[in-house]
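Remarks on the overall topology
Here is how the chains run, residue by residue.
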Amino acid sequence: MVSKFQSLTLFLEYKANMDKKLQAEWASNLLKDDFFVKVMDDLKNQQISVIINTNRDEVEEREAAYSHIKTLDLFLGHLQGIAAETKIQEKKWRIL
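Residues numbered from 1 in each chain as written. Predicted model: local features only at pLDDT ≥ 70, side-chain atom pairs only at ≥ 80, totals over all residues. Heavy atoms only, no water.

A count of helical and extended segments in the protein gives 4 helices and 0 strands. Beginning at the N terminus, the succession of helices and strands in the protein can be written as α-α-α-α. By residue count, 20% of the 96 residues in the protein fall in the buried class. Intrachain contacts of the protein at a sequence separation of at least 6 include 58% that bridge at least 24 residues. If you sum the accessible surface of the protein, you get close to 7600 Å²; carbon and sulfur atoms cover 57% of it. (Helix = DSSP H or I, 4+ residues; strand = E, 2+ residues; numbered from the N terminus. Buried < 20%, exposed > 50% of the residue type's maximum accessible area, 1.4 Å probe, protein only. Contact = heavy atoms within 4.5 Å. Areas by Shrake-Rupley, 256 points an atom, 1.4 Å probe, with all protein chains shown as cover.)

Encoded structure:
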């Protein structure tokens, strides 16, 4: 069975072959999409719930949940970086 993270990775690899400007637009639209934002928030909140509701001796479960949260943050940060790429390029050309 393919995990959610593997599916997202495969999808992003497919998108990586697109033009940079198109990638930036796609990423920007995705970050503005209410359903996508809700799904990402739900995933993060599920992991926070795992951390909060584990017993004292369930260290590995908390560490795994923390790792998942960091992965979600990295994923969102990467999308934000792609979305900002055209803005960065536009400012770069204005400076020159």
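What follows deals with the nonpolar core. Core analysis: the biggest nonpolar cluster contains 11 residues, these being Leu-12, Ala-27, Leu-30, Phe-36, Met-40, Leu-43, Leu-72, Phe-75, Leu-79, Ile-82 and Ala-83. Mapped onto this core, the elements with two or more residues apiece are helix 2 (20-32), helix 3 (34-53) and helix 4 (59-95). In terms of residue count, helix 4 provides more of this core than any other element does, 5 residues in total. If we ignore the near neighbours within four places in the chain, the residues touching Met-40 are Leu-72, Phe-75 and Leu-76. (Core = buried A, V, L, I, M, F, W, Y, C linked by side-chain atoms within 4.5 Å.)

Together, Asp-57, Glu-60, Glu-61 and Glu-63 make up a negatively charged patch on the protein surface. Within the secondary structure, Glu-63 sits in helix 4. (Patch = residues over 30% accessible without salt bridge, like charges linked within 9 Å, V, L, I, M, F, W, Y side chains within 5 Å. Salt bridge = Lys/Arg side-chain N within 4 Å of Asp/Glu carboxyl O. Lys, Arg positive; Asp, Glu negative; His and termini not counted. Charge placed at Lys NZ, Arg CZ, Asp CG, Glu CD.)

Enumeration according to the criterion identifies 3 salt bridges in this entry. Salt-bridge contacts for Asp-42 lead to Lys-38; the nearest nitrogen and oxygen are separated by 2.8 Å. On the criterion of helical spacing, the pair formed by Asp-42 and Lys-38 is a turn pair, its members being 4 residues apart in helix 3. By relative accessible area, which is 32% here, Asp-42 ends up partly exposed.

Attention now moves to the packing of aromatic side chains. For the structure shown, the criterion picks out 1 aromatic pair. Centre to centre, the rings of Phe-36 and Phe-75 are 6.2 Å apart; their planes meet at 55 degrees, and the pair counts as tilted. Highlighted residues: Phe-36 in helix 3 and Phe-75 in helix 4, separated in sequence by 39 residues. Each member of the pair, Phe-36 as well as Phe-75, is classed as buried. (Phe/Tyr/Trp six-rings, centres within 6.5 Å; stacked < 30°, edge-to-face > 60°.)

That's the geometry; what it means functionally is another story.
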